[in-house]
Amino acid sequence: MRSSPLPRMSRRGRVTIGVLVGVFVLFTLLGWGVQAWTDWLWFEEVRYTQVFTGVLVTRLLLFLSIGVAMALFVGGNLWLAYRLRPQLRPHSLEQATLERYRMLISPRIGTWISLTAAVLGLFAGLSAQSRWNQWLLFRNGGDFGVKDPEFGVDVGFYVFQLPFWRYLLGVGFTAVVLALLGALAVHYVFGGVRLQGVGDRMTNAARAHLSTLVAVFVLLKAVAYVLDRRAMLLEYNEGAKLYGAGYADVNALLPAKEILAYISVVVAIAIIVFSNAVMRNLVWPGISLALLGVSAVAIGGIYPWAVQTFEVKPSARDKEAPYIERSITATRDAFGLVDTKTTGYAASNLVPPATLASDTAVVPNVRLLDPQLVSETYTQLQQVRGFYDFGPKLDIDRYSVANKTSDYVVGVREINYNELTDQQSNWINKHTVYTHGYGLVAAPANQVVCGGQPYFVSGFLGEKAQEACSSQAEQIPATQPRIYYGERMGADDYAIVGQAGEGRNAEFDRPTTEAGGEQYYTYTGEGGVEIGSFSRRLLYSIKEQEANFLLSEAVNDNSRLLYVRNPRDRVEKVAPFLTLDGDPYPAVVGGRVQWIIDGYTTAATYPYAERVNLQTETTDELTNRGTFQLARENVNYMRNSVKATVDAYDGTVRLYEFDDGDPVLKAWNKAFGGDLVLPKSAIPAELAEHFRYPADMFKVQRNLLTKFHVTDPGDFYSGQDFWQVPNVPDAPDSGQKQPPYYLFTQFPGQEAPRFQLTAAVTPNGRQNLAALISGSYVDGQPKLEVLELPDQTRISGPVQVHQQMTNNANIRQQLNLLSSNQAQVQYGNLLSLPFGDGMLYVEPVYVKSNQQDAYPLLQKVLLSYGDGGSYVVLADNITDGIKQLVDQGKRAVPGGTPPPSGGTPPPPSGQPSAPPLTGELAAAAQRVQSAIAEVKAAQTSGDFERYGRALKALDEAMTAFQQAQQAAAPTGGASPTPSGSPSGSPSPAPGG
């Protein structure tokens, strides 16, 4: 009796494996079920269930349709190969060896084929369900109203149709290859294909079957050549260093692919005919396939290479000019650069004009507070409790207070769960007591008080501010200041709110004015999922793997669970088709704190448009410092189509249409029922006042404008007029790009001050200033503007200006006095401001003590006018700095040199320069430095009486130093001060 080809498993072994598989499947299905159920409850809470059902149904349909199609096609071919097996096989050693495998497979052939097909269908379905976004755009996309320049096909075909067609083609290739390999294996095992023995190596049935599959593969290749002709408009053109088909592509590769498509059809027909009707062997089909391969290399490879090498390269500028123009036009259209307004700005005035002192549009609105640096100051002065946090970077917004619009540095006092003590971090405290933050804290961006502190005007924890250096009343009042949803909240930072009975407030609300007093609160909003029932508590106990949902008395019939509390994550879950800006920001709208997040629609298949990587283009000094880094997504179309809001109290998410002409957003809105995104007309006027030009969109546009401001193809090819984004001025060797900055200011050509995002750019490979780029909203529409300086301008760029200002001899002396072993100087945003046909540069100077819990204080302001090096001052505040600049301008000798920087005029002709520091001056400088150290110590201690005495002593030391310096320099004029003198007045004053 012949033994079984494989040993049989014992019954116990089969039962054990069955139990293990069953447990694995059970827990897998349980996990999926719990996730799906809780997701449904969350989407029901935010009232966006159409997104949940739309994505889920689409995924299931794609999984089933592609999976079943793959399984049927491959399984059908395997079954056909088995059915076409020869009944009689010649005796040979090969067939004797295969007999044992036939004995194993034949009794359960249907099971083996079904299992193989099911596995392949499963993987195909899993791959297909991830293409839900391509399918929804394929089904719901429309026209762009723009035709590609080569075929005259609407751009909508490339954005909406082409990606899914290419995916289906890939599925077709995969199915045919798998079916061919599987059928070949079955034919071999059952004798349809033989490697040994006499006679034909392949039966007629096997030959017909396999040759048909090969022919289908070649036909799919013909379809691929047709789609490749369209996709050529998306490929990189090495000759022009741009995207889109170039001269060689259009004149050589394009017709080559058309020829190859026809050849593929002929070869497919030849394979079927010669294999089964004429010669009935594989010689001519093999020759046909070889000819196809040779044709692909010769026609599709060698010929285009020859055209590129011998025709294009010798005169590339002229040959590629029409195609470069196509790329310029497409890129400017795809990224919203078409309406960019470019204005020449001579910047020919190098002398500070007298109008600086009387200006009311630019100088009074200069932003001194750096959102990145003063975050520590906000945390130390407004934290109150150690678990409150403002994040590593604050935000800039504008408000109208007392009928005056100004920009404010704003931050939200949030709970930072990582800062809870061990005792506070137990489950009850973390999830039911410390549930929310309190207040939006704001300070005018152009004011400092009390020795360089921000002048806080909102977000106070009591009825009125208690600090002497803050407003005594809320200037930006919020009727609901509690923050249940914020940027500092992670995926595991859920909160359980809702009291068990009357008068039992359990949530820590805020400290009170009483010594050690604390106020508690009970959430009354509609946010969160109700978890009062046992089934809900059990559900979330499984989801969070936490038994306290069932055991703790803190969870009761009134409880609600708040989760997905980060505003950006919340919008991303509601609108998974959007790319979200990395810098959400809060605003008080209608008395409530609203998070505003900019949403972008993107595409990667806009013909001829430049392709950029979002992560690369948006990374700069501030990335991951209070902002989110974007994913490594390659796109060549981008629109700021959506403004999303998240209510900080109840988590309500709203999506507002902002670009009402974006075809991509229209397709997504249609895919989810047509009412997912609210129309632009529904945007509340008060909310629209807080919209700002999005930072990541601006960075992409700015970076593209460094090249695509050049619209002449010849000039573009030479690249001589390209720009670059400068590095961070105070750390140019770091390689980090200077971030754009928000300003409320007025540029030349603008009728009034605007809240705008601005950036300076320099010529490629040089450091002088090339242009200023700004983005703002005018009548609710985005507007990009470029102030372009002459090619050979003397005006320095940001890096040069910072170096010239800080390396100035007089200023360097003062900066050295500001810094010591106990303190360090930090530089704020270097602002480039066009004014009076020249350039005004402003850079705040902060001083931070090295003591524990110290925070930066604004001590000085660096100002420069003209080319960056001639007129430079280091002043206590903007007012004094402008006055010194104007005085320097008045003393400038026509045709001569300006006075030395720092405010000291040149000596009269024939008289010697001011003498160096004497012993008396050195003693006075030491007295000033000691006074500064005492001021910092007093600030750290929190003793306001000591702080007042220290300020008075510092003022006296400054006066003594100035008198000593005047005595040593009898030539007169303003003398530079050795250090920053914090203002002793608690009332706000512009610039200090």
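As a reminder, the structure under discussion sits directly above these lines.
Student: Teacher, can you tell me more about the pairing of strand β28 (residues 771-778) here?
Tutor: On a regular strand, each side chain points to the face opposite its neighbour's, so the side chains alternate between the two faces of the sheet. The buried fraction of β28 amounts to 7 of the 8 residues, a majority that puts the element mostly inside the structure. In this sheet, β28 lies alongside strand β27 (residues 754-763) in antiparallel orientation, the contact comprising 5 bridges. When the sheet's bridge partners are listed, A759 is paired in β28 with I773. Two elements, β28 and strand β29 (residues 781-788), share 8 bridges in a ladder whose sense is antiparallel. Each bridged residue has a counterpart across the sheet, and for Y777 the counterpart in β29 is P782.

Student: Teacher, can you tell me more about the pairing of strand β23 (residues 637-647) here?
Tutor: Judged by how many residues are buried, β23 sits mostly within the fold: 11 of 11 residues are covered. Pairing geometry for strand β20 (residues 592-603) and β23, over 9 bridges, is antiparallel. Of the residues in β23, the one forming a bridge with Q594 is D647. By the bridge criterion, 5 bridges tie β23 to strand β24 (residues 653-657) in an arrangement that is antiparallel. For T645, the partnering residue across the bridge sits in β24 and is R654. Here β23 hands over to β24 after 5 residues, with G651 in that stretch at a positive phi of 75°.

Student: So what exactly am I meant to see when it comes to the pattern of salt bridges here?
Tutor: Where charged atoms from two side chains of opposite charge approach closely, those side chains can pair. Taken as a whole, this structure holds 30 salt bridges when the rule is applied. R560 is the partner of E530 in a salt bridge, and the nearest nitrogen-oxygen pair spans 3.5 Å. With E530 in strand β16 (residues 529-530) and R560 in strand β17 (residues 560-562), this residue pair connects regions lying 30 residues apart in the sequence. Close ionic contact of R592 with D650 constitutes a salt bridge, the shortest N to O distance being 3.3 Å. In this pair, R592 is assigned in strand β20 and D650 in the loop between β23 and β24, connecting sequence segments 58 residues apart. Residue R592 is classed as partly exposed on the basis of its relative accessible area, which comes to 26%. You can call D650 buried: its relative accessible area is 16%. Within this structure, K393, D395, D583 and R692 form a network of salt bridges that share partners.

Student: Just checking my understanding: could you explain the sheet that holds β17 for this structure?
Tutor: For sheets, the rule is that strands pair by backbone hydrogen bonds, running either parallel or antiparallel. Overall, antiparallel pairing links the 3 strands, which are arranged β13-β17-β16 in an open sheet. Sheet topology places β13 (495-497) and β16 at the edges, where each strand pairs with a single neighbour. Looking at chain direction, β16 and β17 are connected through 2 bridges and run antiparallel. Following the sheet pairing, V529 is matched in β17 by L561.

Student: Would you mind going over unusual backbone geometry with me for this structure?
Tutor: What you tend to see is this: most non-glycine residues have negative phi, and most peptide bonds are trans. Notably, A402 is not glycine yet its phi reads approximately 55°, a positive angle. Here A402 shows up in the loop between β5 (395-401) and β6 (404-412). The phi dihedral of D837 is positive, around 60°, even though this residue is not glycine. Its place among the elements puts D837 in the loop between β31 (831-835) and β32 (838-849). Residue classification places D837 among the partly exposed residues on the basis of a relative accessible area of 33%.

Student: Even after reading the chapter, I still don't get the state of the cysteines, so can you show me in this structure?
Tutor: Note on terminology: disulfide describes a covalent bond linking the sulfur atoms of two cysteines. Under the criterion given, the structure shown has 1 disulfide. Disulfide pairing places C450 opposite C469 at an S-S distance of 1.8 Å. Disulfide C450-C469: torsion about the S-S bond near -100°, hence left-handed. Remark: C469 occurs in the loop between β11 (453-454) and β12 (482-483) and C450 occurs in the loop between β10 (447-449) and β11; sequence separation between them is 19 residues. Here the two residues C450 and C469 agree in accessibility, since each one is buried.

Student: Any chance you could explain the sheet that holds β5 here in plain terms?
Tutor: Taken together, 3 strands build an open sheet; the order of strands is β5-β6-β9 and the sheet is antiparallel. Here the strands that pair on one side only, and so sit at the sheet edges, are β5 and β9 (440-444). Between one strand axis and the next, the sheet turns by 45° as a mean value, whatever way the strands run. With 7 bridges connecting them, β5 and β6 associate as antiparallel partners. Across the sheet, the residue bridging to D397 is Y408, located in β6. Each of β6 and β9 touches helix α12 (residues 374-382); the most contacted strand, β9, lies at about 120° to it.

Cut-off values and rules
Residues numbered from 1 in each chain as written. Predicted model: local features only at pLDDT ≥ 70, side-chain atom pairs only at ≥ 80, totals over all residues. Heavy atoms only, no water. Buried < 20%, exposed > 50% of the residue type's maximum accessible area, 1.4 Å probe, protein only. Helix = DSSP H or I, 4+ residues; strand = E, 2+ residues; numbered from the N terminus. Pairing = 2+ DSSP bridges. Salt bridge = Lys/Arg side-chain N within 4 Å of Asp/Glu carboxyl O. Disulfide = S-S within 2.5 Å. Axes fitted to C-alpha atoms, helices over the stretch in contact; angles between N-to-C directions. Contact = heavy atoms within 4.5 Å.

Everything listed here is a matter of coordinates, which is why it stays silent on function.
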